[in-house]
Amino acid sequence: MSAGADDGGVGDGADRTPSPRADVCVVGSGPAGALAAHRLAGAGADVVVLEAGPRFDFDERREQQEEFIRPGMGDPWEMGGARDAYTDSGRGYPLNAARVKGVGGSTLHWQGMVMRLHERDFELESRHGVGVDWPIDYEDLRPYYAAAERALGVAGAADNPYAPPREEPFPLPAFPPSHSDSLFAPACERLGIDMHSVPNARNSEPYDGRASCQGYGTCKPICPSGAKYTAESHVAKATEAGARIVDHAAVQRLVHDDAGETVEAAVYATPDGTERRQPADRFVLAAGGVENARLLLLSASELYPDGLANSSGAVGRFFMDHLFAGAGGQLDEPTRQNHVGFNTSETHQFYDDTDPVEGMKLEFLNYAGPSPVMQALGAETWGEELLEQLQASYGTHVAMGGLVEQLPDADNRVTLDPDVRDDHGNPVPHIEWSLSERTRGALRRANEIQHAILEELGVDVEWTVGPEATGPAYHQMGTTRMGTDPATSVVDADCRAHDLPNLRIVGSSVFPTGGAMNPTLTIAALALRVAESMAESV
Ligand SMILES: Cc1cc2nc3c(=O)[nH]c(=O)nc-3n(C[C@H](O)[C@H](O)[C@H](O)COP(=O)(O)OP(=O)(O)OC[C@H]3O[C@@H](n4cnc5c(N)ncnc54)[C@H](O)[C@@H]3O)c2cc1C
Ligand code: SF4
């Protein structure tokens, strides 16, 4: 076979033929797949990671940053197009803003706020009669949360009186509160609202071979210094430990044995259209909250006409995201917003409230107000007058954001669109997503608290994002939920498919409920827990 044929038409000469033998085949190289691959390769397993997207060169990150900062905001991660096609209905779901397909997954683009779920998140049904319980509790995940914080390099402080119990310190010191946090502080104190630090997966000092934060403020979507954690770190560590990473290898379907008891191979396609078959003893599906479900549905067979691992009918159902709630306005003094660009304070004070039961965490934003470049481009004036306008609006805004929990609903779901195909000829995912009246009520409550704080601060609230204008936080959860009952869930407490014991699923698709904390620390903790249990039998 020529080098061109080996590299699947990419033109980089890299071998994209299957490995002759693999103990474990991991699908996807986001944080879930990369952490699992690293842990398993470290334990001596022969690991192959198949990643649909390209590998981005770290040396180009400054150019990508420049491309992003310039007016018009280029997309540095090639999100969208036929490869990432999808359809939606209901409220509409902007999937291509919500994920990145490439080595490192969505952490290439993410913000990097990383909190542990609260104890109540694992027990919503028993405590409050809503949602469903997880088959594991906080104590089961607690040591893995600590390991995940070390892996990602979390900067944080033990100043959050509402956080679940922890004994071990964060690996890195917290970032100091931003200037606008210091404006919020007296208002919050007068109202009896506790502010505390945000655990951030970005280096407050050099850590794990990566630089400390330089304060560029372009974290989402680009950190050119490497201070913000991306799963590329664990892809590199996995490679060092002996894992093989095959990029541009989009898995088309998983194939089971004749008896339908185990997965035998992952069939992947390279850009030249060649399909190849990667056999392995065990499989870890880590393709993200939408693609995990889609791949199982695409893997339907005669024996499993409704899709693989789907005897419950739950694959694709219970799709959830966190809802954004926010409000802001202008102050009569400099707020220094938009200078750094990541949040340093939030409050979890209302998270465990029962009226409403939906969890909510409120954020003190550090990037409020219009960008001067965009404002200048849209202005109707020139010269001195424009300059005055820019000076009056730049660095004088202040805002609060927040995440609100969405409870699982079987009608919110990912299915295969029968009419639209991707670049490989596969049906694209179709996302049906709507909000219940409960969720709307929780959003209104979040807005109420945000307004009270802003008004106490002396801000004339100029905008509010509540139930009508809300959008997702880009955390796709629930579509391959975990549970003890194979009739109602897809994977068990060890993230093992009830129907096919050599298939594990990792990522937020296994969350039975989503809480209101950003999900990736929990994704990482679960991936480490799954890999540890698999490593025992390597
Ligand atoms: C703008 C933005 C901001 C965010 N901010 C935060 C935040 O502050 N905190 C937080 O906790 N989370 C945040 N997130 C979410 C976070 O990025 C995700 O939770 C996390 O990356 C999910 O990890 P994962 O490994 O499960 O999936 P992903 O990171 O999505 O990785 C999945 C990988 O699988 C690959 N793949 C998909 N299909 C296939 C296939 N068929 N074959 C082979 N490979 C495939 C994809 O290309 C991708 O690389 C943010 C996300 C976005 C988009
Ligand atoms: S502020 Fe820090 S983490 Fe964000 S882009 Fe700049 S260096 Fe990276």
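Only a predicted model underlies this, so the values are computations on that prediction, with no experimental measurement involved.

## A closer look at the packing of aromatic side chains
We describe a pair of aromatic rings using the distance from one ring centre to the other and the angle between the two ring planes.
Line of reasoning, step 1. One pass over the full model with this rule turns up ten aromatic pairs.
Line of reasoning, step 2. Ring geometry for F56 against W77: centres 4.9 Å apart, planes inclined by 80 degrees, an arrangement best described as edge-to-face. Residue F56 is found in the loop between β2 (47-50) and α3 (61-69), and its partner W77 is found in the loop between α3 and β3 (87-90); the two are separated by 21 residues along the sequence.
Line of reasoning, step 3. By relative accessible area, which is 11% here, F56 ends up buried.
Line of reasoning, step 4. For W77, a relative accessible area of 0% puts it in the buried group.
Line of reasoning, step 5. An angle of 75 degrees between the planes, with centres 6.5 Å apart, marks the rings of W110 and Y229 as edge-to-face. Of the two residues, W110 is situated in the loop between β3 and α4 (124-128) and Y229 in the loop between β6 (196-197) and α7 (232-240); the sequence distance between them amounts to 119 residues.
Line of reasoning, step 6. Here the aromatic residues F122, W134, Y138, Y145 and F511 are joined through ring pairs into a cluster of three or more.
Line of reasoning, step 7. In this structure, R166 packs its charged tip against the face of F170, placed 3.7 Å from the ring centre.

## A short note on the domain arrangement of the chain
One widely used convention gives an interface's size as the accessible area the parts lose upon coming together.
Line of reasoning, step 1. The assigned domain composition of the chain is domain 1 (14-154 + 199-321 + 409-434 + 474-537) and domain 2 (175-198 + 323-404 + 436-469).
Line of reasoning, step 2. Centre-to-centre separation of domain 1 and domain 2, based on C-alpha positions: 31 Å.
Line of reasoning, step 3. Opposite the 30 residues of domain 1 that make contact, domain 2 presents 32 residues.
Line of reasoning, step 4. Buried area between domain 1 and domain 2, summed over both chains or domains, comes out near 2300 Å², and the portion from carbon and sulfur atoms is 61%.
Line of reasoning, step 5. The tally of links from domain 1 across to domain 2 stands at zero salt bridges.
Line of reasoning, step 6. Inspection of the region where domain 1 meets domain 2 yields nine residue pairs in polar contact (both at pLDDT 80 or more).
Line of reasoning, step 7. A breakdown of the residues in the side of domain 1 that touches domain 2 according to their chemical character gives 13 nonpolar, twelve polar and five charged.

## As for the nonpolar core
Line of reasoning, step 1. Counting 92 residues, the largest nonpolar core has V47, L50, L152, L254, L296, L503 and L526 as the members making the most contacts within it.
Line of reasoning, step 2. A total of eleven residues in this core trace back to one element, the largest contributor, which is helix α12 (residues 520-535).
Line of reasoning, step 3. Excluding residues within four positions of it along the chain, V47 makes contact with V24, V26, A37, L40, A41, A243 and R244.
Line of reasoning, step 4. Ranked by size, the runner-up nonpolar core spans 33 residues in total, among them F319, L331, F350 and W433.

## Let's talk about the environment of Y93
Line of reasoning, step 1. With respect to the helices and strands, the residue Y93 is situated in the loop between β3 and α4.
Line of reasoning, step 2. On the accessibility criterion, Y93 (1% relative accessible area) is buried.
Line of reasoning, step 3. Spatially, the C-alpha atoms of Y93 and S434 are 9.3 Å apart, while their sequence positions differ by 341 residues.
Line of reasoning, step 4. Ignoring any residue separated from it by four or fewer positions in sequence, one finds Y93 in contact with Y86, D88, A98, F319, D321, I431, W433, P472, Y474, H475 and Q476.

## Observations concerning empty space enclosed by the protein
Unfilled space is identified by rolling a water-sized probe across the atoms.
Line of reasoning, step 1. In total, this model carries one cavity of 30 Å³ or more according to the counting rule given.
Line of reasoning, step 2. As a volume, the largest cavity reaches approximately 80 Å³.
Line of reasoning, step 3. Lining the largest cavity are 15 residues; nearest its centre among them are C213, Y216, G217, C219 and C223.
Line of reasoning, step 4. When grouped by side-chain class, the residues that make up the lining of the largest cavity number nine nonpolar, four polar and two charged.

Criteria and thresholds
- Residues numbered from 1 in each chain as written.
- Chains lettered and ligands numbered in written order.
- Predicted model: local features only at pLDDT ≥ 70, side-chain atom pairs only at ≥ 80, totals over all residues.
- Heavy atoms only, no water.
- Phe/Tyr/Trp six-rings, centres within 6.5 Å; stacked < 30°, edge-to-face > 60°.
- Helix = DSSP H or I, 4+ residues; strand = E, 2+ residues; numbered from the N terminus.
- Buried < 20%, exposed > 50% of the residue type's maximum accessible area, 1.4 Å probe, protein only.
- Lys NZ or Arg CZ within 6 Å of the ring centre and 35° of its normal.
- Domains from an automatic or database assignment.
- Contact = heavy atoms within 4.5 Å.
- Buried area = accessible area lost by both parts, 1.4 Å probe.
- Salt bridge = Lys/Arg side-chain N within 4 Å of Asp/Glu carboxyl O.
- Polar contact = N/O pair within 3.5 Å; in protein donor to acceptor, adjacent residues only side chain to side chain.
- Nonpolar A, V, L, I, M, F, W, Y, C, P; charged D, E, K, R; others polar.
- Core = buried A, V, L, I, M, F, W, Y, C linked by side-chain atoms within 4.5 Å.
- 1 Å grid on protein atoms, 1.4 Å probe; cavity = no way out; pocket = protein on both sides within 12 Å on 5 of 7 lines; lining within 4 Å.
- Points joined across faces, edges and corners; volume = space filled by probe spheres on them.

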